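Descriptive structure summary
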Amino acid sequence: MDFTFTEEQQAAAEAAKGVFAGVAPDTVPSPALTPGAVADTCDRALWAKLADADLLSLLLDARYGGAGLDAIALCLVLRESARVLARVPLLESSAAAAAVQAFGGEEARSALLPSAGRGELVLTVAAHGRTGHDPAELAVTARQDGAAWVLDGVQTAVPWAYDADVTVVPAHTATGRTVLALVPRGHEGAVLAEQFSTSGERLGELRLESARLAARDVIDADGAWEWLRDLLATGTCALALGLGERVLRMTGEYASKREQFGFPIATFQAVAVQAADRYIDLRAMEATLWQAAWRIASGAPGALPAAGDVAVAKIWAAEGVRRVVQTAQHLHGGFGADVDYPLHRYHAWAKHLELSLGPAAAHEEALGDLLAAHPLA
């Protein structure tokens, strides 16, 4: 397996480094001190910079103003964004646009994709379901009524719901098929209620009550939701990796300066061993991430469907990022919990990423089902 990045992918990563270089993770109030959301909206100034750098249209074809790159390029950019806790819907908007491009009709593509690539229109995805434990597509029903579709149900913890102009909602039909509904903000029959993440970000509960959508706003292609869900999960793994790498670096810098008994604590064997274990976690997270992203980008066959590689990556990401931030808190001592120091923010974001699109246990169960259905020779 050759994980060498192409020149275009490396250029996207370098552009992202330039955009995120001036971003500080402490630009909003601490989630530890804020009873509600840390901010009412995403970082619009940063969003505009991403648009100017053509990083919002990475996955779009040239005819929609995009670069025509793949999931690997997106994950490289997401990795950089997580290192500074960038408060932008980069994953959700990019993945939703890519799904519309791959599976939507030409009318929906023309209406949404050019504006999304320029950052003028924000997309998000309701991928959490009603509880976070059940499949998201089962939380909403979709039925046809003449030429229209009617949606009923509730999706919770929708990221950036109040920033998004359109929310992509998976819903199941009476025949067991899954469709993707493109629900505009403020659409009749669609009501938002505030929720809050552990990271302090503003989420939304989307309640759909006989919400009617035209056929052009519903994607009913087979496999559309599964492909979008895999891309979102893989992007979440990239975010976890970037966050974990930054936290381990912060820990190394602190342990090299913090002295105990006249020596830097980094020279103590117990500290070095714990840091080494977390480094191994990060390298496993990285290898499984690129395997999953490569399967999605290339469509290459394997012993298991691509969902199997995505499940493995998410298992490592969920468990690994949790261990990394816990070890960092331990090695920082009380200083790690100081709200004037950014580590507690990374810990809160890590918990959100660990549980996003299912914790490790959920993906272990999904992987077990795949292994049962596709026994390895």
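A short tour of the structure in this document, coming up. Along each chain, residue indices are assigned from 1 in the same order as the chain's sequence is written. Local features are withheld for residues below a pLDDT of 70 in this predicted model, meaning they are given only at 70 or higher, and side-chain atom pairs are given and counted only at 80 or more; totals for whole chains, interfaces and linings count all residues. To get the side-chain values, take all heavy atoms of the structure and skip hydrogens and water.

Next up on the list: the overall build of the protein chain. Along the protein chain, the regular secondary structure elements total 10 helices and 10 strands. Only C-alpha atoms enter the radius of gyration; for comparison, a globular chain is expected to reach 2.2 Å times N to the power 0.38, where N is the number of residues. Whereas a compact globule of 377 residues would reach a radius of gyration of roughly 21 Å, the protein chain reaches 21 Å, a difference of no more than 12%. The C-alpha extent of the protein chain, read off along each of the three principal axes, is 80 × 55 × 40 Å. Burial classification: accessible surface area is computed with a 1.4 Å probe over protein chains only, and a residue below 20% of its type maximum counts as buried, one above 50% as exposed, and the rest as partly exposed. For the protein chain, the proportion of its 377 residues judged to be buried stands at 54%. With residues, only the protein chains shown are counted as cover, and all accessible areas are computed by Shrake-Rupley using a 1.4 Å probe. For the protein chain, the computed accessible surface area is about 16,200 Å², with 54% contributed by carbon and sulfur atoms. By definition, any uninterrupted DSSP run of H or I lasting at least four residues is a helix, any uninterrupted run of E lasting at least two residues is a strand, and each is numbered from the N terminus.

On to the packing of aromatic side chains, then. In this scheme Phe, Tyr and Trp rings, the latter by its six-membered ring, pair at centre separations within 6.5 Å, and the angle between planes marks the pair as stacked below 30 degrees, edge-to-face above 60, and tilted otherwise. Enumeration over the complete set of coordinates arrives at 4 aromatic pairs. Residues Phe5 and Trp290 carry aromatic rings whose centres are separated by 5.0 Å and whose planes lie at 75° to one another, so their mutual orientation is edge-to-face. With Phe5 in the segment before α1 (7-20) and Trp290 in helix α7 (residues 269-298), the pair connects residues that are 285 residues apart, well separated along the chain. Since its relative accessible area comes to 24%, Phe5 is described here as partly exposed. One aromatic cluster is present, formed by Tyr254, Phe335 and Tyr341 through successive ring pairs.

With that out of the way, let us pick up the nonpolar core. The criterion is simple. A nonpolar core is a set of buried Ala, Val, Leu, Ile, Met, Phe, Trp, Tyr and Cys residues joined through side-chain atoms within 4.5 Å. Counting 87 residues, the largest nonpolar core has Phe20, Leu50, Leu228 and Leu243 as the members making the most contacts within it. Note on definitions: a residue-residue contact is assigned when non-hydrogen atoms from the two residues lie within 4.5 Å. Among residues more than four places away in sequence, those in contact with Phe20 are Leu46, Leu50, Val77, Glu80, Ser81, Val84 and Ala86. Formed by 19 residues, the second largest nonpolar core is a distinct cluster that contains Leu151, Ala181, Leu206 and Ala211.

This brings us to helix α5 (residues 106-117). A helix is expected to reach a length of 1.5 Å times the quantity of its residues less one. For α5, with 12 residues, the first-to-last C-alpha span of 16 Å sits near the 16 Å given by 1.5 Å per residue. All buried positions along α5 are accounted for by Ala108, Arg109, Leu112, Leu113, Pro114, Ser115, Ala116 and Gly117. Buried positions along α5 lie against α4 (90-103), β1 (123-125), β4 (166-172) and β5 (178-184). Following α5 by one or two positions, Gly119 has its phi on the positive side, about 80°.

This next bit is on the pattern of salt bridges. Note that side chains of opposite charge can pair when their charged atoms are close. Salt bridges are counted wherever a side-chain nitrogen of Lys or Arg sits within 4 Å of a carboxyl oxygen of Asp or Glu. Tallied over the full model, the rule gives 27 salt bridges. With its nearest N and O atoms 2.5 Å apart, the salt bridge here joins Glu245 to Arg83. Taken together, the residues Glu245 in helix α6 (residues 224-257) and Arg83 in helix α3 (residues 71-83) connect sequence positions 162 residues apart. Between Asp281 and Arg323 there is a salt bridge, with its nearest N and O atoms 2.9 Å apart.

Of note, the phi angle at Asp54 is positive, near 60°, even though the residue is not glycine. Topologically, Asp54 is positioned in the loop between α2 (44-52) and α3. Despite not being glycine, Leu357 shows a phi value in the positive range, around 60°. Along the chain, the position of Leu357 falls in the loop between α9 (343-355) and α10 (360-373).

Every regular strand shows the same layout, with side chains that alternate between the two sheet faces. The buried fraction of β4 amounts to 6 of the 7 residues, a majority that puts the element mostly inside the structure. Strands qualify as paired when DSSP identifies two bridges or more between them. Pairing geometry for β1 and β4, over 3 bridges, is parallel. Looking at β4, one finds that Leu123 is bridged to Val166. Here β4 folds back onto β5, and the loop between the two strands holds 5 residues, one of which, Gly176, carries a positive phi near 90°.

Here we come to the packing of α6 against α7. Close contact between α6 and α7 brings their axes to 9 Å; oriented N to C, the two are set at 155°. Taken together, α6 and α7 sit at an angle that is classed as roughly antiparallel. Considering only the axes of α6 and α7, their crossing is left-handed. When α6 is examined against α7, the residues Trp227, Asp230, Leu231, Thr234, Cys237, Ala238, Ala240, Leu241, Gly244, Glu245, Leu248 and Ala255 are found in contact with a partner set consisting of Val271, Ala275, Arg278, Tyr279, Leu282, Arg283, Met285, Glu286, Leu289, Ala292, Ala293 and Ile296. Every axis corresponds to a line fitted to the C-alpha atoms, with the helix fit spanning only the stretch in contact, and the corresponding angles, defined between N-to-C directions, vary from 0 to 180 degrees. Our angle categories are set so that under 35 degrees counts as roughly parallel, over 145 as roughly antiparallel, 65 to 115 as roughly perpendicular, and the remainder as oblique. Each crossing is labelled by how the near helix is turned from the far one, with a counterclockwise turn of less than a right angle marking it left-handed and a clockwise turn marking it right-handed.

Its place among the elements puts Lys314 in helix α8 (residues 306-332). Note that His is not counted, nor are the chain ends; the positive residues are Lys and Arg, and the negative ones are Asp and Glu. Despite its burial, Lys314 pairs with no opposite charge, the nearest such side chain being Glu354 at 7.9 Å. A 3.5 Å cut-off defines polar contacts: any pair of N or O atoms within that distance qualifies, except that in protein one atom must be a possible hydrogen donor and the other a possible acceptor, and neighbouring residues in sequence count only when both atoms are side-chain atoms. A polar atom in the side chain of Lys314 sits 3.0 Å from the backbone oxygen of Ser356. Lys314 has contacts with Ala233, Thr236, Cys237, Leu353, Glu354, Ser356, Gly358 and His363, leaving out every residue within four places of it along the chain.

Turning our eyes to something else, we now look at the environment of Thr288. Along the polypeptide, Thr288 turns up in helix α7. On the basis of relative accessibility, which here comes to 15%, the residue Thr288 falls in the buried class. In sequence terms Thr288 and Trp316 are 28 residues apart; their C-alpha atoms lie 7.5 Å from each other. With sequence-adjacent residues up to four places away left out, Thr288 is seen in contact with Asp309, Val312, Ala313 and Trp316.

Within the secondary structure layout, Thr124 lies in strand β1. Residues contacting Thr124, with those up to four places away along its chain left out, are Glu92, Ala96, Val158, Pro159, Trp160, Ala164, Val166, Thr167 and Val168.

The end-to-end C-alpha separation of α8 is 38 Å, in line with the 39 Å expected for 27 residues at 1.5 Å each. Judged by how many residues are buried, α8 sits mostly within the fold: 19 of 27 residues are covered. Phi turns positive, to about 65°, at Gly333, one or two residues after α8.

Worth remembering: the numbers are spatial, not functional.
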